[in-house]
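Below are the chains, spelled out letter by letter.
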Amino acid sequence: MNLKSLGYVGVAAPSLEEWTSLSTRLLGMQPHRDSSGTLQLRLDDYQQRLAIDTRLAPGDHYYGWEAGDAGAFEALAIRLDQAGVPFRVEPAQLAQQRGVQSLLSFRDPAGNRVEVFHGPIKSEIPFTPSRALSGFRTGGLGLGHAVFNVAQVEPMLRFYIDVLGFGLSDYMLKPFKAYFLHLNSRHHSLALIETGSNGLHHVMVELLSLDDVGQAYDIAQLEEERIGVTLGRHSNDFMTSFYSRTPSNFMIEYGWGGRDIDPATWKAEEFFHGASLWGHERYWLPPEKRKHALDMRLKAAADGFRAPVHVFEGNYKVVTAC
């Protein structure tokens, strides 16, 4: 597999002030403005994990996927060429702005700007969260995951699996089509939801402590309309999380306890209990869709469907019971 993880995400914003407030007061990230005026948000020793760029057109975004090494980077370029996918090797100046040694870019079937890099530039300044928290679960797992709304899911599936080498973790066909793809032991680094339109739905970051999530949830409730999806637990990756609205018309999923898989032995299956075991109320959905989601959660409860009990040891997870 040439790609190893989601390295960074860049999004457009009309101004940086609201993002600065959100990232520090609620999310606990470490902000830095580079020479171009981009707001770089750190979660670890990488130079940036989220980039907020006022120069991008509204709704524009880009996704940086990390290659395993220089050889994997070159192999992916050959793979793109063989698949007839136009790509551009970006100049050193842009690579430096992204905080990487080498960078290439291309478009996926939905028109999203995809970037592949190797050689991340690590900061010499230790990561310091902007509020008290235990830290983010990144490392070899990457930033977290990104979830796209897509008009047609099949072309995107073929592209990300057949061309870019993602693996299928699992999928849901009702009440909507959703496919979850992995690159490493994180259950998914990318998800595709067929909604009839294209766009970024959310980016997930995972914390090292459930208390970090709960305390952020309290902070988020102080702001009217900040919470996009209430606290709950997903049924496939077992993430306990809530979703915060952002100034850039997508959400940040703030979670803990995500499921680990073994990509070498994992078998993809359809799951039938809906997106969440409990919670994750989406008040912006039409009443009939909210009722359907609730009915699925209640059925999961009646069927006795539970996530495993686990604990963290540093960045590692140990399953202790089911």
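A brief look at the structure comes next. Residue numbers here run from 1 along each chain, matching the order of that chain's written sequence. Local features in this predicted model are restricted to residues of pLDDT 70 or higher, and side-chain atom pairs are both shown and tallied only at a pLDDT of 80 or more, whereas totals for entire chains, interfaces and linings draw on every residue. Each side-chain value is derived from all of the structure's non-hydrogen atoms; neither hydrogens nor water enter the calculation.

Another aspect to go through is the packing of aromatic side chains. Two rings from Phe, Tyr or Trp (for Trp, the six-membered ring) form a pair when their centres are within 6.5 Å of each other. A pair whose planes differ by under 30 degrees is stacked, one over 60 is edge-to-face, and the rest are tilted. Here the structure, examined in full by the defined rule, presents 13 aromatic pairs. Considering the side-chain rings of Tyr 8 and Tyr 62, the 6.1 Å spacing of their centres and the 75° angle between planes classify their relative orientation as edge-to-face. One end of the pair, Tyr 8, is in strand 1 (residues 3–12); the other, Tyr 62, is in strand 5 (residues 61–67), with 54 residues separating them in the sequence. We call a residue buried when its accessible area falls under 20% of the maximum for its residue type, exposed when it is over 50%, and partly exposed in between, using a 1.4 Å probe and counting protein chains only. By relative accessible area, which is 2% here, Tyr 8 ends up buried. Since its relative accessible area comes to 3%, Tyr 62 is described here as buried. By way of ring pairs, the aromatic residues Trp 65, Phe 106, Phe 159, Tyr 160 and Phe 166 are connected into one cluster. In this scheme, the term charge over a ring applies when either NZ of a lysine or CZ of an arginine sits within 6 Å of the ring centre and within 35 degrees of the ring normal. Arg 49 extends its terminal NZ or CZ atom over the ring of Tyr 46, reaching a point 3.7 Å from the ring centre. Each helix is a run of DSSP H or I of at least 4 residues and each strand a run of E of at least 2, with the numbering of both proceeding from the N terminus.

With that settled, the discussion passes to unusual backbone geometry. Of the consecutive residues Lys 174 and Pro 175, the connecting peptide bond is found in the cis state with omega at 5°. Mapped onto the elements, Pro 175 comes out in the loop between strand 10 (167–172) and strand 11 (178–182). Although it is not a glycine, Phe 238 adopts a positive phi angle of roughly 65°. Relative accessible area serves as the criterion here: at 7%, Phe 238 is assigned to the buried category. The phi dihedral of His 280 is positive, around 55°, even though this residue is not glycine. If you trace the backbone, His 280 turns up in the loop between strand 18 (276–279) and helix 6 (287–302).

Relative to the elements of secondary structure, Ser 23 occurs in helix 1 (residues 17–26). For this analysis, residues touch if any pair of their heavy atoms sits within 4.5 Å. Ignoring anything within four residues of it in the chain, the contact list for Ser 23 reads Gly 28, Met 29, Leu 41 and Ser 130.

Between any two strands, pairing holds if DSSP finds at least two bridges. Strand order in the open sheet made by the ten strands is 17-10-11-12-9-13-16-15-14-18, with mixed pairing throughout. Each end of this open sheet is capped by a strand with a single partner; those strands are strand 17 (269–270) and strand 18. Two elements, strand 14 (residues 227–234) and strand 15 (residues 240–245), share four bridges in a ladder whose sense is antiparallel. Bridge pairing in strand 15 links Arg 233 to Thr 240. Comment: axis = line fitted to C-alpha atoms, over the contacting stretch for helices; angle = value between 0 and 180 degrees taken between N-to-C directions. Against the sheet, helix 4 (residues 153–163) touches strand 9 (145–150), strand 10, strand 11 and strand 12 (190–194), its axis set at about 165° to strand 12.

Read these as layout, nothing more, since geometry by itself doesn't imply function.
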